Amino acid sequence: MTKKRKITWTVLAIVAIAAALSGIADQTAESYAEDAFKRALVTFAAARTLNGVISVVQSTEVGVGVTVGVGEILDPVNDLIERFSGVMLVAASSLGLQNVLVTITASTSFTVALILATLFAIVTIWWPRLTENRLARTASGVLLVAMCVRFLVPVLVITTNLIADVFLATSQQEATAALEVATRDIEGLKEPVESPPVDQSFMERLNSAWDESVEAVNVSERLTKLKESAANATEHVVQLIVLFVLQTILLPLAFLWMLMQLLKGVAERMRSG
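Computed from a predicted model, the values in this text were never measured in an experiment.

> A description of helix α6 (residues 169–187) should follow, citing residues and the corresponding values.
For α6, which comprises 19 residues, the first-to-last C-alpha distance of 27 Å matches the rise-based estimate of 27 Å (1.5 Å per residue) to within 8%. Every buried residue of α6 is accounted for by Ala 169, Gln 172, Ala 175, Thr 176, Ala 178, Leu 179, Ala 182, Thr 183 and Ile 186.

> Would you mind going over the pattern of salt bridges in detail, with residue names and values included?
In total, this model carries four salt bridges according to the counting rule given. Ionic pairing is found between Lys 38 and Glu 34, a salt bridge with its closest N-O pair at 3.4 Å. Placement of both Lys 38 and Glu 34 in helix α2 (residues 24–57) is noted, with a separation of four residues, approximately one turn of the helix. By relative accessible area, Lys 38 is classed as partly exposed at 47%.

> Go over the packing of helix α4 (residues 108–126) against helix α5 (residues 135–167), please, and point to the residues and values.
Two quantities define a packed helix pair, namely the angle between the axes and the distance from one axis to the other. At a minimum axis separation of 8 Å, α4 and α5 run at an interaxial angle of 160°. Between α4 and α5, the angle falls in the class roughly antiparallel. The two elements α4 and α5 meet at a crossing, and its hand is left-handed. From α4, Phe 110, Thr 111, Leu 114, Ala 117, Thr 118, Phe 120, Ala 121, Thr 124 and Ile 125 reach across to α5, where they touch Leu 135, Ala 136, Ala 139, Ser 140, Val 142, Leu 143, Ala 146, Met 147, Val 149, Arg 150 and Phe 151.

> So what's going on with the packing of helix α1 (residues 3–22) against α5? Residues and values would help.
Look at α1 against α5: their axes get within 11 Å of each other, and the N-to-C directions meet at 30°. By the angle between their directions, the pair α1 and α5 is classed as roughly parallel. Two packed elements cross with a definite hand, and for α1 against α5 that hand is left-handed. Contacts between α1 and α5 pair Trp 9, Leu 12, Ala 13, Ala 16, Ala 19 and Ala 20 from the former with Ser 140, Leu 143, Leu 144, Met 147, Arg 150 and Phe 151 from the latter. Each residue belonging to the contact of α1 with α5 can be placed in one class, and the counts come to 10 nonpolar, one polar and one charged.

> An account of the nonpolar core is needed here, citing residue identities and associated values.
Counting 28 residues, the largest nonpolar core has Leu 50, Leu 74, Phe 84, Leu 179 and Ile 186 as its most contacted members. Secondary-structure elements contributing two or more residues to this core are α2, α3 (71–105), α6 and α7 (202–272). Ranked by residues supplied to this core, first place goes to α3 with 10 residues. Excluding its chain neighbours within four sequence positions, the residues that come into contact with Phe 84 are Thr 43, Ala 47, Leu 179, Val 237, Leu 240 and Ile 241.

> For the packing of aromatic side chains, give the residues involved together with the corresponding values.
Per the stated rule, a full pass over the model turns up zero aromatic pairs. One residue, Arg 150, lies across the ring of Phe 151, its end atom 5.1 Å from the ring centre.

> Can you break down the environment of Val 238 residue by residue, with the values?
Within the fold, Val 238 resides in helix α7. For Val 238, a relative accessible area of 41% gives the class partly exposed.

> Account for α4, with residues named and values stated.
The α-helix advances 3.6 residues per turn, and as a result positions three or four apart in sequence lie on the same side. Taking 1.5 Å of rise per residue, the 19 residues of α4 would be expected to cover 27 Å, and the 27 Å separating its terminal C-alpha atoms lies within 8% of that figure. Buried residues of α4: Thr 111, Leu 114, Ala 117, Thr 118, Ala 121, Thr 124 and Ile 125, and no others. Buried residues along α4 cover an arc of 160° about the axis, so they all sit on one side. Exposed residues on α4 whose side chains face more than 90 degrees from its buried face are Thr 108, Ser 109 and Leu 116.

Rules used throughout
Residues numbered from 1 in each chain as written. Predicted model: local features only at pLDDT ≥ 70, side-chain atom pairs only at ≥ 80, totals over all residues. Heavy atoms only, no water. Helix = DSSP H or I, 4+ residues; strand = E, 2+ residues; numbered from the N terminus. Expected span 1.5 Å × (residues − 1). Buried < 20%, exposed > 50% of the residue type's maximum accessible area, 1.4 Å probe, protein only. Salt bridge = Lys/Arg side-chain N within 4 Å of Asp/Glu carboxyl O. Axes fitted to C-alpha atoms, helices over the stretch in contact; angles between N-to-C directions. Parallel < 35°, antiparallel > 145°, perpendicular 65-115°, else oblique. Left-handed = near helix turned anticlockwise from the far one by under 90°. Contact = heavy atoms within 4.5 Å. Nonpolar A, V, L, I, M, F, W, Y, C, P; charged D, E, K, R; others polar. Core = buried A, V, L, I, M, F, W, Y, C linked by side-chain atoms within 4.5 Å. Phe/Tyr/Trp six-rings, centres within 6.5 Å; stacked < 30°, edge-to-face > 60°. Lys NZ or Arg CZ within 6 Å of the ring centre and 35° of its normal. Arc of directions from axis to C-beta.

Structure representation (structure tokens):
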């Protein structure tokens, strides 16, 4: 092993121990994971609220003497919300699991294992009689594995959530706010409908007929607004599905793939060197 490589491994080992003892990576990862978990819960709650409102409005009479099957408009949205709730349950579980894994890898046992691997590597690398055999390469491999085990989860959480905060968080918040607006719009359809009295004079019946004509126009406007709210909710639900799948599934998988490629390259250089 060349002197340059010895120095590189030594500096890397010292930096790893300093990072493990300071806990800066663990604290940062915990903060990112907790914030992402809270955002996921807020979005999940907004989706469930919208689902409940839709279930109520589907059986609502929206005009005097006129019962319109709003279920035909809201059924597709309701089905999408049900599927979205499943996606959000998986996403929230993934984020919660990341938080738990950060806590586990930050425990004293993992830090002690890293320190022991570091001491073994430094002594082996710099001991003149050992650098000429395979023990130095073995020590370097053990150190690399120990660092991966200790810092894999914190680095994964920090990297994926940093990307999500920069590129996805604003869109997630806007889409969640749009769901809340759609919920209020759809909930506004639950206005009480008054039935006309049975005994009416001629003028009262005439006034009632006029009121019903006006109400029919109002019903048409409300249905148009309902369609717009349903379309808006559908658009933002699909957007949220894409964002959370990207954040909690695709980004971590992409990070793990790149890390495996990096470790593979390091292992090949260690064998060749």
